[in-house]
Amino acid sequence: MLKTSYDFDQAILPAGSSLKTNILLRFRADIAESPRRNLNLSLVIDRSGSMAGAPLHHALRAAESVVERLEPEDILSVVVYDDEVDTVVAPQPVKDKAALKNSINKVRAGGITNLSGGWLKGCEHVKKQLDLQKINRVLLLTDGHANMGIQDPKILTTTSGQKAEEGITTTTLGFDQGFNEDLLIGMARAANGNFYFIQSVDEATEVFSIELDSLRAVVGQNLTVTVELADGVKLIDTLSLAKVNQNQARQTVITLGELYEGEDKLLGLSLEISAAQIGELPVMKLHYSADVVQNDVIQSVSGTADIVAKVATVEEAALASSSHIILELSRLTIAKAKETALDLAEHGKHEEAEQILRSLVKDLRDKGLNENFEIAEEIDQLEYFAGRIAQKALGNAGRKELRDQSFQTMTRNRSDLAARGVTAGDEIYGMPVVNEVGSGIELHCLREGGKLRIKVISDGYDSTKNVQFPRAIRAEGARYVVEALEPSSDGSFYRVRGNITRLTRPGEADIFAAPRQSRSTSTGKASKGPASAADLPTTDAIKDGILVQCVKDGSKLRARVVSDGYEPNWNMRFPRSVREEGMLYVVDEIKIAPDGKSYIACGEIKRFVQPSITN
C-alpha cells in the first residue's frame, strides 16, 4: 500500500487576497515487513591513468566491500575501463567471494577514459540477468571526463533514461575533482538513480556502503505523481529534481523514482492561490502510482488523494502553527536556491545569484530557524557560497559541492547525505595566527561523514557537541582559538562569539601558512631519457606530475597523455630509449609543441610502478 500525507507551510491560509504558499507532500510504501530483494548488480570502475595510485586502490577496496556484503542469491559483474573495456568478473551468483575479490585485486591503472564503453558493458551484463523482481543496477564510478567513445553528455543522458525504461537503473559516483558532475547527475536523474560525490579517496567504501544500504531498502519503484490543480490554483515551482512533464490534459506529471523502506519521499510544491473564502478550499487532486513489493512480488498500485487547505481570517491564520514542517520545507527551499544561484552565476548574473542566497539567509534567521543546528549549518554554507559567487571564485570544488548538496536534498531524505563538503576555504590561509590558547577556547576541525565539523578541545565544554562556525575558514586538521562560546537556545550545539584566530603551536609545521602550489615552475626543457626504461627512477605516486602511457599505434610505439585535461590522441616528443608498450610514466611537465597539435615531455621522467594493494 502507498501512504500519502501533506502539510502547508501555513496551517491555516488567510482569506481575502491571493497568496503564495508551499505544500510538502510525503509518499511512503506502507509495508509491515519488507522482504530483502535480490540484486543484479554491475560495478563499472574507471581504471584510467588518473585513477592510478590511491584513488584506484580505494575504489577497489570499496568494490571488495560490496562483494563481502552481497548474498549468494545476488548476481554480480565487475567491469573496468580505460581506453579498453574489460570484464574482470562475468555475471554470476556471489558464492565464491574470495575468488571474486582476487579478480578485483588484479586490476591496474591504464590509459584514457572510455566511460561510455565501460558503462554500456555493465548495462549489457545486467540486461542478460534482468529480473524485474530484483534490483537491476549499474554503479558507474569515474574520476575524469569521458575522452574516448561516446562523449556527448546529451546522448549519454538520453541513453541512461532509455536503459531505465528497460529496467536497468544507473547510479553514478564521481570521484575526487576531475569528473563531469553535470554528466553524472544528468545520467542519474534520467535513470531515477542516485549520484554521489566521493570527495576524498578514503570515502569510497563509505559511499559504496550507503548505496548498497539504499539498494537493500528499495521497496517501491517508478513512483509517478500527476497533479490536477483546482480552479484558481497555479503551480509556480517544483521543489525537487524529479523529472517534470505535461500529459495530454496539460497536467503536471512528476516522476519521483524509488521508494525506500522507512524513508519518506518528499515533494515540495510552490503554489499561487487566488482569493479564497473562509472554510475548506480544494487545492488539487493527486493521482499517484508505483510498483511496490507486496506478498513477496512487485505489484502496481495507484490511488488518488484530495488536497484541501483550511482558510480562515487573517488573525486566525497568523496564530496557527505549522512549525513541524517548516524545517523540511526549508531544506528543500535551500536546495532549490543553491541550484538557482549556480545557474545564474554560470550565466554571468553573479549579483543576482548572491542576492538570492543572502536573502534566503535573512529569511531563515528572521524565522528563528538558525536555532536548529542543521539549518544553522546550511546558513553557513549559503553565506560561504554567496561570498565565493560574489568574488567569481566558486571554483571546481565549490561547484561540485553546490550541485551535490542540491541533488541530495531534493532527491533523498537522509541527513547523512545532506550538506556534504570538505573543501578547505581559501580564507583559512589569510587568518591571523596565534601560538597559544591563552584565555580563549580551543577548537578543531575534523571530517565526519563527508562534512567538516568543528568541535571543542578546551575543558569545561561538551566535546561531543557541534559548533556553528564560518564555513569559509573550515579546513580539516585546522585548530582555532575563539573568545567565547554560547549554547544554542535548546543547548544542542554551540555558537562562536568574538574574534577567531588560527592556532599553530611553537615548533609545529603550519600546513595552512600559504596556499599550496599545484604545479612547479615550468622549465620548458624537453625530457631526456637513459639507455632503457629499466634505468628510469620509479615512483608509485603521481602527485603534481602528469601520467603518460606508451601505446602501440600500427607499427610504432607512441607516448600519449592519459591524465585528464589533455588531448588523448596527440602524439608526443618522448625519449625513444625508454618506450615500452603499455608502460606508464610520470613526467614533470607537458607543453604544447610549436605545431599546436602535439606535446613535448619536459623535465624528469619516472617509471610509474603500481602501488601494492593490501587489505
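A. Layout of the overall build of the protein. Within the protein, the regular secondary structure consists of 11 helices and 28 strands. Relative to the 2.2 N^0.38 estimate, which gives 25 Å for 615 residues, the radius of gyration of the protein is 27 Å and therefore close to what a compact globule would have. The dimensions of the protein, computed from C-alpha atoms along their principal axes, are 90 × 65 × 45 Å. For the protein, the proportion of its 615 residues judged to be buried stands at 52%. Accessible area of the protein: about 26,700 Å², with a carbon and sulfur share of 47%. Within the protein, the 86 negative side-chain charges are centred at a point lying 5 Å from the centre of the 73 positive side-chain charges.

B. Molecular detail of the pattern of salt bridges. The full count for this structure, using the stated rule, is 47 salt bridges. One salt bridge connects Glu258 with Arg137, and the closest N-O pair in it is separated by 2.3 Å. Here Arg137 lies in strand S7 (residues 135–142) and Glu258 lies in strand S13 (residues 252–260), a separation of 121 residues in the sequence. The network of salt bridges with shared partners includes Glu181, Asp182, Glu339, Glu346, Arg399, Lys400 and Arg403.

C. Region of interest: unusual backbone geometry. Even without glycine at this site, Asn222 takes up a positive phi of about 60 degrees. Tracing the sequence through the fold places Asn222 in strand S10 (residues 218–229). Positive phi outside glycine occurs at Ala419, with the angle close to 55 degrees.

D. Representation of the sheet that holds strand S1 (residues 2–8) within the structure. The antiparallel open sheet is built from 4 strands, whose spatial order is S1-S3-S14-S11. Because the sheet does not close on itself, it has two edges, and the strands there are S1 and strand S11 (233–239). Put simply, the sheet's adjacent strands are angled 25 degrees from each other on average, direction ignored. Pairing analysis gives 9 bridges linking strand S3 (residues 19–29) to strand S14 (residues 265–273), with the strands arranged antiparallel. By the bridge assignment, Arg26 is partnered in S14 with Leu266.

E. Expanded view of the environment of Ile592. Within the element layout of this structure, Ile592 appears in strand S27 (residues 584–592). Put simply, Ile592 and Arg573 are 19 residues apart on the chain and 10.0 Å apart in space, counted from C-alpha to C-alpha. Those residues in contact with Ile592, other than ones at most four positions away along the chain, are Trp570, Ser598 and Tyr599.

F. Spatial organisation of the pairing of strand S24 (residues 546–553). Pairing of S24 with S27 involves 4 bridges; the strand directions are antiparallel. By the bridge assignment for S27, Val548 is matched with Tyr585. Bridging between S24 and strand S25 (residues 556–561) involves 6 bridges; their strand directions are antiparallel. The residue of S25 that forms the bridge with Gln549 is Arg560. In textbook terms, the turn of a hairpin is the stretch between consecutive antiparallel strands, and for S24 and S25 this stretch comprises 2 residues, one of which, Gly554, has a positive phi near 70 degrees.

G. Fine view of helix H6 (residues 204–216). With 13 residues, H6 extends 18 Å from end C-alpha to end C-alpha; this agrees with the ideal 18 Å at 1.5 Å per step. Taken together, the buried positions of H6 are occupied by Ala204, Val207, Phe208, Ile210, Glu211, Leu212, Ser214 and Leu215.

H. How the structure looks around the pairing of strand S21 (residues 479–487). Note that strand S18 (residues 441–448) and S21 share 4 bridges and pair antiparallel. Each residue of the ladder has a partner; that of Leu443, found in S21, is Tyr480. The pairing of S21 with strand S22 (residues 494–503) spans 7 bridges and is classified as antiparallel. Across the sheet, Val482 pairs through a bridge with Ile500, a residue of S22. Between S21 and S22, which pair antiparallel in sequence order, lie 6 residues; one of them, Gly491, sits at a positive phi of approximately 75 degrees.

About the cut-offs
Residues numbered from 1 in each chain as written. Predicted model: local features only at pLDDT ≥ 70, side-chain atom pairs only at ≥ 80, totals over all residues. Heavy atoms only, no water. Helix = DSSP H or I, 4+ residues; strand = E, 2+ residues; numbered from the N terminus. Rg over C-alpha atoms; globule rule 2.2 N^0.38 Å. Buried < 20%, exposed > 50% of the residue type's maximum accessible area, 1.4 Å probe, protein only. Areas by Shrake-Rupley, 256 points an atom, 1.4 Å probe, with all protein chains shown as cover. Lys, Arg positive; Asp, Glu negative; His and termini not counted. Charge placed at Lys NZ, Arg CZ, Asp CG, Glu CD. Salt bridge = Lys/Arg side-chain N within 4 Å of Asp/Glu carboxyl O. Pairing = 2+ DSSP bridges. Axes fitted to C-alpha atoms, helices over the stretch in contact; angles between N-to-C directions. Contact = heavy atoms within 4.5 Å. Expected span 1.5 Å × (residues − 1).

All we've got here are geometric facts, nothing functional implied.
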